[in-house]
Amino acid sequence: MELNNRKALHEYYIEGRYNAGMVLTGTEIKSLRTGKVSFNDSYCYFQKNELFVKSLHIAEYKYGTDANHDPLQDRKLLLTKRELRKLETKIKEKGYSIIPLRIFINEKGLAKMEIGLAKGKKNYDKRDTIKNRELERGRALTFLAFSVLAVAARAAPAPQLVQTVEGISEYRLDNGLQ
């Protein structure tokens with residue numbers, strides 16, 4: 001199970017990626033497993049040398065009781081001290097922020113969040129990204145069309161020179177029918 005923040009790659013340049021553990025309650029993990037997560041306007045911030053994610057909406061669990069969680073509460077992220085120090089020094093530079101890129105469940109069944117050290121794109125950068133993506137898509141489609149034609153050309157029988165009864169030579173496709 002994997003939930004992606006597709007808007008992040010459009011809005012930011014991602015310069016570094018880190019996998020962080022998430023501190024969640026029981027109803028949060030159950031709701032996360034059903035895919036009820038929204039990344040809208042979510043970001044990470046430091047508070048007392050600890051990293052938290054803010055505005056990550058995990059919907060209330062449908063079958064939860066009165067002990068259900070608050071959908072927009074801040075959630076603590078778990079990283080090593082070295083990674084936290086590195087991120088904290090980078091964030092102090094102008095233009096950098098930490099944003100959530102995806103949430104996934106690892107092979108042990110633990111919820112993890114991939115966060116990215118990001119720098120914001122300008123509008124003209126976003127247009128260039130869209131243009132390059134469209135060009136790549138066009139190239140891929142052209143390559144696909146040519147490869148289909150090449151396979152079809154190899155599968156077609158080669159014409160053969162045949163003498164007719166009147167003594168005239170002509171090319172015919174040998175299709176196996178007589």
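Here, every reference points to the structure presented above.
Residues numbered from 1 in each chain as written. Predicted model: local features only at pLDDT ≥ 70, side-chain atom pairs only at ≥ 80, totals over all residues. Heavy atoms only, no water.

Participant: I keep staring at the environment of Val-53 and nothing clicks. Help me out?
Facilitator: Along the chain, Val-53 falls in strand E5 (residues 50-54). Residue Val-53 is classed as buried on the basis of its relative accessible area, which comes to 0%. In this structure the C-alpha to C-alpha distance between Val-53 and Asp-74, which are 21 residues apart in sequence, comes to 5.7 Å. Not counting residues up to four positions away in its chain, the partners in contact with Val-53 are Tyr-43, Cys-44, Gln-73, Asp-74, Arg-75, Leu-77, Pro-100 and Met-113. (Helix = DSSP H or I, 4+ residues; strand = E, 2+ residues; numbered from the N terminus. Buried < 20%, exposed > 50% of the residue type's maximum accessible area, 1.4 Å probe, protein only. Contact = heavy atoms within 4.5 Å.)

Participant: Got a minute to help me understand the side chain of Ser-42 in this structure?
Facilitator: Within the fold, Ser-42 resides in the loop between strand E3 (37-38) and strand E4 (43-47). Classification of Ser-42 as buried rests on a relative accessible area of 8%. Within the local environment of Ser-42, its side chain forms a polar contact with the backbone oxygen of Phe-39, the two atoms lying 2.9 Å apart. With sequence-adjacent residues up to four places away left out, Ser-42 is seen in contact with Lys-54, Ser-55, Leu-56, Ile-99 and Pro-100. (Polar contact = N/O pair within 3.5 Å; in protein donor to acceptor, adjacent residues only side chain to side chain.)

Participant: Would you take a moment to explain the pairing of E4 for this structure?
Facilitator: Note on strand geometry: in a regular strand, side chains alternate between the two faces of the sheet. Going residue by residue along E4, you find Cys-44 and Phe-46 tucked away on one face and Tyr-43, Tyr-45 and Gln-47 left uncovered on the opposite face. Relative to E5, E4 runs antiparallel, the two being bridged by 5 bridges. Within the sheet, the bridge partner assigned to Gln-47 lies in E5 and is Glu-50. Here E4 folds back onto E5, and the loop between the two strands holds 2 residues, one of which, Lys-48, carries a positive phi near 55°. (Pairing = 2+ DSSP bridges.)

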